[in-house]
Amino acid sequence: MKKNILDLNYTELLTLLTENREKSYRASQIFSWIYEKGKFDFETMTNLSKSLRSFLKENFILEPLEIAEKRVSIDGTTKYLLKLEDNNYIESVIIPHPNRTTYCVSTQVGCPIGCRFCATGLAGFQRNLKAGEIVNQILTLRRDSGTKPNRIVYMGMGEPFLNYEEVIKSLEIITHPTGMKMSTRNITLSTVGIIPRIYDFAKVSGAYRLAISLHSAQQRKREKIIPVAKKYRLGDLKKALLRFQKEKGKRITIEYILLKGFNTSKEDALQLRNFLSGLKAFVNLIPYNPTPNDEFERPDNKEVEKFHQTLLELGINAEIRREKGTDIEAACGQLRRIKLYGVGGGI
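Overview of the structure. (Residues numbered from 1 in each chain as written. Predicted model: local features only at pLDDT ≥ 70, side-chain atom pairs only at ≥ 80, totals over all residues. Heavy atoms only, no water.)

**Thoughts on the side chain of Arg222**
At step 1: Mapped onto the elements, Arg222 comes out in helix H7 (residues 219-225).
At step 2: Of the buried charged residues, Arg222 lacks a salt bridge, with Glu159 as the closest side chain of opposite charge at 8.2 Å.
At step 3: When near neighbours in sequence (up to four residues on either side) are disregarded, Arg222 contacts Val192, Ser213, Leu214, Ser216, Ala229, Tyr232, Leu234 and Leu237. (Helix = DSSP H or I, 4+ residues; strand = E, 2+ residues; numbered from the N terminus. Buried < 20%, exposed > 50% of the residue type's maximum accessible area, 1.4 Å probe, protein only. Lys, Arg positive; Asp, Glu negative; His and termini not counted. Salt bridge = Lys/Arg side-chain N within 4 Å of Asp/Glu carboxyl O. Contact = heavy atoms within 4.5 Å.)

**A closer look at the packing of helix H6 (residues 195-202) against helix H8 (residues 234-248)**
At step 1: At a minimum axis distance of 9 Å, the contact between H6 and H8 shows a crossing angle of 10 degrees. Judged on the interaxial angle alone, H8 and H6 are roughly parallel. Judged by residue contacts, Ile195, Ile198, Tyr199, Phe201 and Ala202 of H6 engage Asp236, Leu237, Lys239, Ala240, Leu241, Arg243, Phe244, Glu247 and Lys248 from H8.
At step 2: Looking at the contact of H6 with H8, its residues break down into 9 nonpolar, no polar and 5 charged. (Axes fitted to C-alpha atoms, helices over the stretch in contact; angles between N-to-C directions. Parallel < 35°, antiparallel > 145°, perpendicular 65-115°, else oblique. Nonpolar A, V, L, I, M, F, W, Y, C, P; charged D, E, K, R; others polar.)

**Focus on the sheet that holds strand E4 (residues 78-83)**
At step 1: The strand order across the open sheet built from 10 strands is E3-E4-E5-E6-E9-E10-E11-E12-E13-E14, with neighbouring strands paired in mixed fashion. Edge strands, defined here as strands with exactly one partner in the open sheet, are strand E3 (66-72) and strand E14 (318-320). The sheet shows a mean angle of 20 degrees between the axes of neighbouring strands, taken without regard to direction.
At step 2: One ladder, built from 3 bridges, connects strand E11 (residues 209-213) with strand E12 (residues 252-258); its direction is parallel. Bridge assignment links Ser213 to a residue of E12, and that residue is Glu255.
At step 3: The sheet strands contacting helix H10 (residues 301-313) are E12, strand E13 (281-287) and E14, and the helix crosses E14 at an angle near 165 degrees. (Pairing = 2+ DSSP bridges.)

Take a look at the structure:
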């Protein structure tokens with residue numbers, strides 16, 4: 001049975017080639033063809049020998065993901081519904097900015113976390129993605145759009161730190177100097193706070209950035225909207241973030257969904273200040289985006305601005321995120337599995 005060559009990191013590919021009596025530099029050539037030049041056909045890799053090309057075709061699959069649907073927002077944001085080999089579906093997003101292009105990729109089919117303000121988990125959790133499926137989102141979007149990402153964020157469907165090994169492997173692939181050559185400082189992983197993995201990630205080589213989906217600095221409130229917060233409590237989370245910051249020296253992004261009448265009070269702001277004390281952090285304020293779950297409402301502009309101003313007065317570095325892709329359900333908390341739509345039924 002053929003394997004997906006995108007599942008191999010550089011070391012694994014090098015080992016396989018040397019075991020088949022190929023020169024070690026062939027690994028660099030193959031990585032360059034796939035990840036730098038974006039080729040999906042072994043026959044186009046003309047500096048490889050015919051015998052090596054035949055070996056690769058006989059033993060490996062190299063195909064882009066199938067684009068089941070594509071929607072473009074009025075602001076230029078593009079959301080892709082991608083079909084996997086086992087007929088599962090994931091979503092990926094290209095977010096254009098004046099001076100950069102961001103790719104948002106998924107790490108799981110669905111999500112097991114079950115945040116009560118997020119659409120992704122409504123259809124349940126199916127499985128983790130393989131490293132090759134994570135990387136292939138980037139390759140497929142780049143091939144279709146003709147753009148190259150300046151920044152990659154692991155903020156799509158799923159909790160990256162619950163698929164840790166495959167996520168780390170995908171990072172090794174996209175940052176390798178003979179391939180895509182993405183700078184680690186331009187890659188951000190977002191987590192609700194899987195504490196053991198934050199400690200692990202702090203030890204990984206590279207200037208990776210970390211974003212925390214906090215949404216409340218009050219333990220009781222956070223447990224209400226993020227069930228896993230009962231296991232990974234705020235005090236322990238802060239200790240992990242302090243360790244990460246000590247190791248990486250990087251500012252941590254705090255993602256904070258604004259829910260009408262729930263987490264926008266003066267007390268919420270004061271508790272957030274207490275939590276951030278000692279941390280170098282930036283707070284992204286995100287007004288709640290509509291989802292099929294009508295438990296929460298979006299705060300009006302007055303409530304949003306008042307909370308923002310309160311944070312600034314407390315000395316917290318915070319901004320209201322400029323929304324992208326809300327009209328095509330590509331904004332924060334809106335990515336969903338195909339099961340919610342029906343195949344071919346639109347997103």
